[in-house]
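Below are the chains, spelled out letter by letter.
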Amino acid sequence: MKTSIIGYPRIGGLRELKFASEKYFKGEITAAELETTAKDIRISNLELQKASGLDFIPSNDFSFYDGVLDTAFLLGAVPKRYTDLGLSVLDTYFAAARGYQGDKGDVKALAMKKWFNTNYHYIVPEIDDDTDIKLSGSKPFDLFTEALENGVKTKPVIVGAYTFLKLARYKGAKTAADFADKAAAAYAQLLEKFAALGAEWVQFDEPSLVMDMSGRDKALFKALYEKILARKGGVKVLVQTYFGDVRDVYAELTSLDFDGIGIDFVEGKKSLELVKKGDFPQGKTLFAGVLNGKNIWRCDYEKALATLDELKAFAQDIIINTSCSLLHVPVTLDNESKLKEDVKKHFAFAQEKLSELADLKKIAASDTPKETAEFVKNKALHSEVRSGRDDKVRAKVAALTESDFTRPTAFAEREKIQKERFALPLFPTTTIGSFPQTADVKAARKGLRTGAISYDEYEEFIKGKIADCVTLQEEIGLDVLVHGEFERNDMVEYFGECLEGYIFTEKAWVQSYGTRCVKPPVVWGDIKRSKPMTVKWSAYAQSLTDKPMKGMLTGPVTILNWSFPREDITLRESALQIALAIREEVLDLEANGISIIQVDEAALREKLPLRKADWREDYLDWAIPAFRYVHSGVKADTQIHTHMCYSEFADIIKDIDDMDADVITFEASRSDLTILDVLKENNFRTEVGPGVYDIHSPRVPSKEEIKTAIGKMKERIPAEKLWVNPDCGLKTRGNEETVPSLKNLVAAAKEARDENS
Ligand code: GLN
Ligand code: ZN
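Please read all numbers here as calculations on a predicted model, not as lab measurements. (Residues numbered from 1 in each chain as written. Chains lettered and ligands numbered in written order. Predicted model: local features only at pLDDT ≥ 70, side-chain atom pairs only at ≥ 80, totals over all residues. Heavy atoms only, no water.)

Examining the sheet that holds strand E12 (residues 260-264)
Sheet strands associate in pairs through backbone hydrogen bonding, adopting either a parallel or an antiparallel arrangement. Within the open sheet, the 8 strands sit side by side as E1-E14-E13-E12-E11-E10-E8-E2. Their pairing is parallel. The open sheet has two free edges, formed respectively by strand E1 (2-3) and strand E2 (58-59), since each of these has just one partner strand. Pairing analysis gives 2 bridges linking E1 to strand E14 (residues 317-322), with the strands arranged parallel. If you follow Lys-2 over to E14, its bridge partner there is Ile-319. Sheet contacts for helix H12 (residues 301-312): strand E13 (285-291) and E14; angle to E13, the most-contacted strand, approximately 160°. (Pairing = 2+ DSSP bridges. Helix = DSSP H or I, 4+ residues; strand = E, 2+ residues; numbered from the N terminus. Contact = heavy atoms within 4.5 Å. Axes fitted to C-alpha atoms, helices over the stretch in contact; angles between N-to-C directions.)

In structure tokens form, the structure reads like this:
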């Protein structure tokens, strides 16, 4: 069996592409210098893959920003406002990716969206009625040729026609189907060019095929590929799916004239079942995604080989493949100098996954696979009991019953009790938690890390910041205050560092979008809270004011969703373990005089399964209870807030209400408060603070603007259920804009209050 990967990280082992790009944006290096860095990364990836013995080496998986945006440029689907700037091709591309503000004009970037169920974001192509789709760029051909010159005939990878058309946003009256002919012609021409260049295989990435598909979707897919494949000439076409199974289009997929079909056997719940139905076409190649491309644990060879063995009875030609592109894992373990060997040996980042593929190939080729050294070693690793087991935590999770997830006092009753206790004015004002993380805050944290300042000095400094923040909020006139979160680098990392069971890496960066990379922590063992995490800061802040001080925590679902999860226990179990720890913190805060506690679930919406049929069982059925467990133990007069960043939760609105928080604040200003109608239609019970202004921009909203927002809110939601707040935390903002913005917010709420009485 041969081996293949779907794509490889392009940021470079030490984020070289990020740093070079940022220098280029600042004008510190030339386009040619940026291109040199890019080429170095590509060639070194190529060499590495070649040396590993990988049979199908991808090309065109490199991108300066994003592969979907690359495809838009390849197909000439670039909005005029970018080409009109009259910039070089590269700068036009960056203008579409990041926006452009300069002597040639002022345009915003294209929209950005999450790439299926990952933390990667793609650029949303924009198509107008008069967009003329045709093969326009040469990047895939150039990169194929570049690799060829370096001795490798690669498998070029391109976002497929169906996925591209499904992901695009249509600005006019036309829809995807109206562009099918032109798109098919462009892709067919692309295949002809590759044939001329001598390519053997071309990979079309079609992850949209793992989504729920309507009859129309299937018709579009079929129409596109009947046309494209009719003109494939001598090139073999691989249709590559990932992030799930293809249950809706398996019949179409296998009946079309593809030469290879890539199926994900890691995330695809029904993949094996589909292939085992027995109609995988004779003579076609199955690219079997058995090696997890998304997580950082070493592959369990026994399991992967068992899947391959099962498949052998149904497909003659099988290639061992990753489940998705390796874009979603860090580049290499080589840069981790601090991880202990007995931890490290359990991890495989992109580079290490290449050697795992080589191992699998070797084992599969052996007459006595289970006796090969690679197999024996891997088996020993997987039978080892990893450190970090905590039987007490496990027993507690196992013993949870229905009543543990329910606050004893019903919502309406609590609402009454809390109104009395807090006696807040109508339209109470608050913030989401963080205040500007100014240079001095970052310097202090760095000082503590490097030992330049002692912990006592650090604590004094943070307390000073908290005191200033409380004074500032009182001056501004906010009703419910926060301590400002100055002690936190990041809302997940902070808690990960406080909890037992988490592991942190030094350089394990993963591209999130463009030049932005994230370094998710790893859930290593059972999670436990061994000491209070925030009580000191919140209690100190409360001691400085008579107004309620909101305690500030991150919820279990968000903590888990932004980490590399374990695979030896279920997500549900991990989430409940984290919930146990956060619950202890909630109860500690309450015991220490904190009467309002916010538990952020910024990322709750993010990991909602791609298929609706899986929403409940695979996710909501444990995610919502995990949140409920965090707060079910507080008294009726303790007020629980939550916060979410994604306002796209119309489709799970009942579940959000069912989290049974007392108040929810969320991002709504950028979506123009459209969520309000949904709240109204669903009789949303939880009190709400739809963000009245966008904190992602340095703009200061006027009092009038905020009043208009409050007016819209009032039209749909009973006034006594409304809160007034910005749409997210203020940590990325400066004080210059934060102070006037909040003053306007308070003034607007006061006016609205007066007008209402
Ligand atoms: N409490 C966090 C903050 O204010 C919430 C951040 C978020 O929603 N991403 O920064
Ligand atoms: Zn937010």
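Some words on the packing of helix H6 (residues 139-149) against helix H8 (residues 180-197)
Contact geometry of H6 with H8 gives a least axis separation of 11 Å together with a crossing angle of 20°. It follows that H6 is roughly parallel to H8 by the angle criterion. Along this stretch, H6 crosses H8, giving a crossing that reads as right-handed. Together, Pro-140, Phe-141, Phe-144, Thr-145 and Leu-148 of H6 and Leu-190, Lys-193, Phe-194 and Leu-197 of H8 make up the contact between the two elements. Split into classes, the residues belonging to the contact of H6 with H8 amount to 7 nonpolar, 1 polar and 1 charged. (Parallel < 35°, antiparallel > 145°, perpendicular 65-115°, else oblique. Left-handed = near helix turned anticlockwise from the far one by under 90°. Nonpolar A, V, L, I, M, F, W, Y, C, P; charged D, E, K, R; others polar.)

Topic: the site of ligand 1
Inspection of the region around ligand 1 gives Ile-432, Gly-433, Ser-434, Glu-485, Met-491, Met-552, Asp-600, Ala-602, His-643, Cys-645, Cys-728 and Gly-729 as its neighbouring residues. Take Ile-432: an N or O atom from its main chain is 3.1 Å from a nitrogen atom of ligand 1. Between Asp-600 and ligand 1, the recorded distance is 2.6 Å, taken from a side-chain N or O atom to a nitrogen atom. When isolated, ligand 1 has an accessible area of 300 Å², and the protein chains bury 92% of it. Looking at side-chain class alone, the shell around ligand 1 contains 6 nonpolar, 4 polar and 2 charged residues. (Near = heavy atom within 4 Å. Polar contact = N/O pair within 3.5 Å; in protein donor to acceptor, adjacent residues only side chain to side chain. Areas by Shrake-Rupley, 256 points an atom, 1.4 Å probe, with all protein chains shown as cover.)

A short note on empty space enclosed by the protein
Over the atoms, a rolled probe matching the size of one water molecule traces out where space is still vacant. Evaluated as defined, the whole model comprises 3 cavities of 30 Å³ or more. Lining the largest cavity we find 16 residues, and of these Arg-42, Asn-45, Pro-58, Ser-59 and Asp-61 sit closest to its centre. At the level of elements, helix H2 (31-52), E2 and H6 are the ones that each hand at least two residues to the lining of the largest cavity. As a volume, the second largest cavity reaches approximately 50 Å³. Surrounding the second largest cavity, Ile-11, Leu-17, Lys-18, Ser-21, Ser-63, Phe-64, Gln-511, Gly-514 and Thr-515 form its lining. Take the lining of the second largest cavity: its biggest share by element is 3 residues, from helix H1 (residues 16-25). In terms of residue class, the lining of the second largest cavity is built from 3 nonpolar, 5 polar and 1 charged. (1 Å grid on protein atoms, 1.4 Å probe; cavity = no way out; pocket = protein on both sides within 12 Å on 5 of 7 lines; lining within 4 Å. Points joined across faces, edges and corners; volume = space filled by probe spheres on them.)

Side note on the coordination of the zinc ion (ligand 2)
Coordination of the zinc ion (ligand 2) by the protein comes from His-643 (NE2), Cys-645 (SG) and Cys-728 (SG), over a distance range of 2.1 to 2.2 Å. Geometry at the zinc ion (ligand 2) is tetrahedral, judged from its 4 donor atoms and the angles of 85 to 122° they form at the metal. Sequence positions of the donors to the zinc ion (ligand 2) reduce to the motif H-x1-C-x82-C. You can see Cys-645 sitting in the loop between strand E21 (639-644) and helix H25 (653-657) and its partner Cys-728 sitting in the loop between helix H27 (703-716) and helix H28 (735-756), a full 83 residues away along the chain. Among the residues examined, Cys-645 registers a relative accessible area of 24% and is labelled partly exposed. (Donors = N, O, S within 2.8 Å, 3.2 Å for Na, K, Ca; no water. Tetrahedral: all angles 85-135°; square planar, octahedral: opposite > 155°, others 65-115°. Buried < 20%, exposed > 50% of the residue type's maximum accessible area, 1.4 Å probe, protein only.)

Section: the environment of Leu-135
Along the chain, the position of Leu-135 falls in the loop between strand E7 (126-127) and H6. Separated by 74 residues in the primary sequence, Leu-135 and Leu-209 place their C-alpha atoms 23 Å from one another.

Description of unusual backbone geometry
Among all residues save glycine, negative phi is the norm, and among peptide bonds the norm is trans. Within the chain, Phe-116 stands out as a residue other than glycine whose phi angle is a positive 50°. Relative to the helices and strands, Phe-116 resides in the loop between strand E5 (112-114) and strand E6 (121-123). Judged by its relative accessible area of 11%, Phe-116 is buried.

Details of a negative patch on the surface
Taken together, the side chains of Asp-128, Asp-129, Asp-130 and Asp-178 present a region of like negative charge at the surface. You can see Asp-178 is positioned in the loop between strand E9 (169-170) and H8. (Patch = residues over 30% accessible without salt bridge, like charges linked within 9 Å, V, L, I, M, F, W, Y side chains within 5 Å. Salt bridge = Lys/Arg side-chain N within 4 Å of Asp/Glu carboxyl O. Lys, Arg positive; Asp, Glu negative; His and termini not counted. Charge placed at Lys NZ, Arg CZ, Asp CG, Glu CD.)

Considering the pairing of strand E11 (residues 236-240)
Burial runs high along E11: 4 of the 5 residues are buried. The pairing of strand E10 (residues 201-205) with E11 spans 5 bridges and is parallel. Pairing of Val-202 across the sheet is with Val-237, part of E11. Each parallel crossover has a hand, and for E10 linked through helix H9 (residues 215-230) to E11 it is right-handed. As paired elements, E11 and E12 share 3 bridges and run parallel to each other. Bridge assignment links Leu-238 to a residue of E12, and that residue is Gly-260. Handedness of the crossover is the feature at issue here: the chain leaves E11, passes through helix H10 (residues 250-255), returns alongside E12, and the resulting connection is right-handed. (Right-handed = clockwise from strand over helix to strand, strands pointing away.)

Some details on the packing of helix H19 (residues 455-476) against helix H21 (residues 535-543)
Helix-helix packing is described using two parameters, namely the angle between the two axes and the distance between the axes. Between H19 and H21, the shortest axis-to-axis distance is 10 Å and the interhelical angle comes to 40°. Classified by the angle their axes make, H19 and H21 are oblique. For H19 against H21, the interelement crossing comes out right-handed. On H21, the residues that touch Tyr-455, Glu-459, Ile-462, Lys-463, Ile-466, Ala-467 and Val-470 of H19 are Lys-536, Trp-537, Tyr-540 and Ala-541.

Here's the deal with the environment of Arg-414
Inspection of the secondary structure assignment puts Arg-414 in helix H17 (residues 411-422). Classification of Arg-414 by relative accessible area gives buried; the value is 1%. Arg-414 sits 225 residues away from Gln-639 along the chain, and the two C-alpha atoms are 8.4 Å apart. In contact with Arg-414, other than residues within four places in its own chain, are Arg-407, Thr-409, Ala-636, Asp-660, Ala-661 and Asp-662.

With respect to the nonpolar core
Counting residues in each nonpolar core, the largest one holds 107 residues, and the members touching the most others are Phe-164, Phe-204, Phe-221, Leu-224, Tyr-225, Phe-258 and Phe-347. In terms of residue count, H8 provides more of this core than any other element does, 8 residues in total. In this structure, Phe-258 is in contact with Phe-221, Tyr-225, Leu-229, Val-237, Val-239, Leu-253 and Lys-284, ignoring residues within four places of it in sequence. Core analysis: the next-biggest nonpolar cluster, separate from the first, contains 102 residues, Phe-427, Met-552, Leu-589 and Ala-752 among them. (Core = buried A, V, L, I, M, F, W, Y, C linked by side-chain atoms within 4.5 Å.)

As for the environment of Gly-593
On the secondary structure map, Gly-593 appears in the loop between helix H23 (571-591) and strand E20 (596-600). Look at Gly-593 and you get partly exposed, because its relative accessible area is 42%. The spacing of Gly-593 and Thr-638 is 45 residues in sequence and 9.9 Å in space, taken between C-alpha atoms.

Section: the packing of aromatic side chains
Scanning all chains against the criterion turns up 32 aromatic pairs. Centroid distance Phe-56 to Phe-287: 5.3 Å. Interplanar angle 75°. Geometry classified as edge-to-face. Of this pair, Phe-56 sits in the loop between H2 and E2 while Phe-287 sits in strand E13; the two residues are 231 residues apart in sequence, bridging distant segments of the chain. Judged by its relative accessible area of 11%, Phe-56 falls in the buried class. Among the residues examined, Phe-287 registers a relative accessible area of 0% and is labelled buried. (Phe/Tyr/Trp six-rings, centres within 6.5 Å; stacked < 30°, edge-to-face > 60°.)

A closer look at the pattern of salt bridges
Applying the stated criterion across every chain yields a total of 66 salt bridges. In this structure, Lys-463 engages Glu-459 in a salt bridge whose closest nitrogen and oxygen atoms are separated by 3.5 Å. Placement of the pair is Lys-463 and Glu-459 together in helix H19, with a separation of 4 residues, close to one helical turn. Residue class for Glu-459 comes out buried when judged on its relative accessible area of 16%. With its nearest N and O atoms 2.9 Å apart, the salt bridge here joins Asp-568 to Arg-566. The buried category is assigned to Arg-566, whose relative accessible area is 6%. Each of Asp-212, Asp-245, Arg-247, Asp-248, Lys-269, Arg-611, Asp-614 and Asp-618 takes part in salt bridges that share partners, so that together they form one network.

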